[in-house]
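One letter stands for each residue in the lines below.
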Amino acid sequence: MPHRTTRKPAKQEWKWVQPRIARREYELRAGGKRLAVLRDVKMFGSLAEADTGDGRWTLKRQGFLRPRVTVRRAGSEDEFATLVFNWLGDGALHMADGRVFGWKCRFWSRQYCLTTEQGEELVEFKPTFAFVKGGAKVTIHPSAADISGLSLLAVIGWYVMLLGFDEAASCG
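Fair warning: this is a prediction, and the values are worked out from it, not measured in the lab. (Residues numbered from 1 in each chain as written. Predicted model: local features only at pLDDT ≥ 70, side-chain atom pairs only at ≥ 80, totals over all residues. Heavy atoms only, no water.)

Caption draft 1: Spatial organisation of the overall build of the chain. In terms of helices and strands, the chain carries one helix and twelve strands. If you list the helices and strands of the chain from N to C, you get β-β-β-β-β-β-β-β-β-β-β-β-α. Each of the 172 residues in the chain was classed as buried or not, and the buried ones make up 40%. Carbon and sulfur atoms provide 54% of the accessible area of the chain, an area that totals close to 10500 Å². (Helix = DSSP H or I, 4+ residues; strand = E, 2+ residues; numbered from the N terminus. Buried < 20%, exposed > 50% of the residue type's maximum accessible area, 1.4 Å probe, protein only. Areas by Shrake-Rupley, 256 points an atom, 1.4 Å probe, with all protein chains shown as cover.)

Rendered as structure tokens:
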């Protein structure tokens, strides 16, 4: 019987792209395949809609002193996920099924990461900009390979990054 080795899955590279400059609509792509779409509902405000392989979602920023992001299935008032931030910009993403992920903001490098509760990196986000189009490189670490709803996690991360870019632009 031949000797078999178990190989860890390789990191996956996804990317967020903005197909049209004039629209705040972004696509999450893996190779030539579209995994998700995130779009603003209105010109002003934080309400956004997302389509993923797992369904349709709404995302909204709430709160000022204790900001948080809520995620709901489209048409539902029940929170599917809530990301609560601390004063440093880090946070905890609480899923309705009981899972909890960390949100890490690497301010100086402008990189962000979703982690396990213990801090193991799962999904890493690095912004990329071309002229006025927004985008990000998304690295899916091998430890995230079996996580269900991975494209929704990528949507939540990109949404939070866009909020941060908007806040920075309004201050400058």
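Caption draft 2: Broad picture of the packing of aromatic side chains. One pass over the full model with this rule turns up five aromatic pairs. Both rings, one in Trp16 and one in Trp158, keep their centres 6.0 Å apart while their planes meet at 15°; by these two values the pair is stacked. Placement of the pair is Trp16 in strand β1 (residues 12-17) and Trp158 in helix α1 (residues 150-171), with a sequence separation of 142 residues. Both residues of the pair, Trp16 and Trp158, count as buried. Measuring from ring centre to ring centre gives 5.6 Å for Trp103 and Tyr112, while their planes differ by 15°; the resulting arrangement is stacked. Stacked on the ring of Phe80, the Lys or Arg Arg73 has its end atom at 5.3 Å from the ring centre. (Phe/Tyr/Trp six-rings, centres within 6.5 Å; stacked < 30°, edge-to-face > 60°. Lys NZ or Arg CZ within 6 Å of the ring centre and 35° of its normal.)

Caption draft 3: Spotlight on the pairing of strand β9 (residues 100-106). Both strand β8 (residues 91-95) and β9 contribute to a ladder of four bridges, which runs antiparallel. Pairing of Leu93 across the sheet is with Phe101, part of β9. Where β8 folds back onto β9 in an antiparallel hairpin, the turn is made up of four residues, including Gly98, whose phi is positive at roughly 100°. Bridging between β9 and strand β10 (residues 111-115) involves five bridges; their strand directions are antiparallel. (Pairing = 2+ DSSP bridges.)

Caption draft 4: Representation of the side chain of His141 in the model. Looking at the secondary structure, you find His141 in the loop between β12 (133-140) and α1. Look at His141 and you get buried, because its relative accessible area is 10%. A polar atom in the side chain of His141 sits 3.5 Å from the side chain of Glu121. (Polar contact = N/O pair within 3.5 Å; in protein donor to acceptor, adjacent residues only side chain to side chain.)

Caption draft 5: Region of the structure containing the pattern of salt bridges. For the coordinates displayed, the defined rule picks out twelve salt bridges. Between Arg39 and Asp51 there is a salt bridge, with its nearest N and O atoms 3.1 Å apart. A residue pair is termed long-range when its members are at least 10 positions apart, and Arg39 in strand β3 (residues 33-40) and Asp51 in strand β4 (residues 48-52) qualify at twelve residues. For Asp51, a relative accessible area of 24% puts it in the partly exposed group. The partner of Arg72 in a salt bridge is Glu79, with the nearest N and O atoms 3.5 Å apart. Relative accessible area serves as the criterion here: at 31%, Glu79 is assigned to the partly exposed category. (Salt bridge = Lys/Arg side-chain N within 4 Å of Asp/Glu carboxyl O.)

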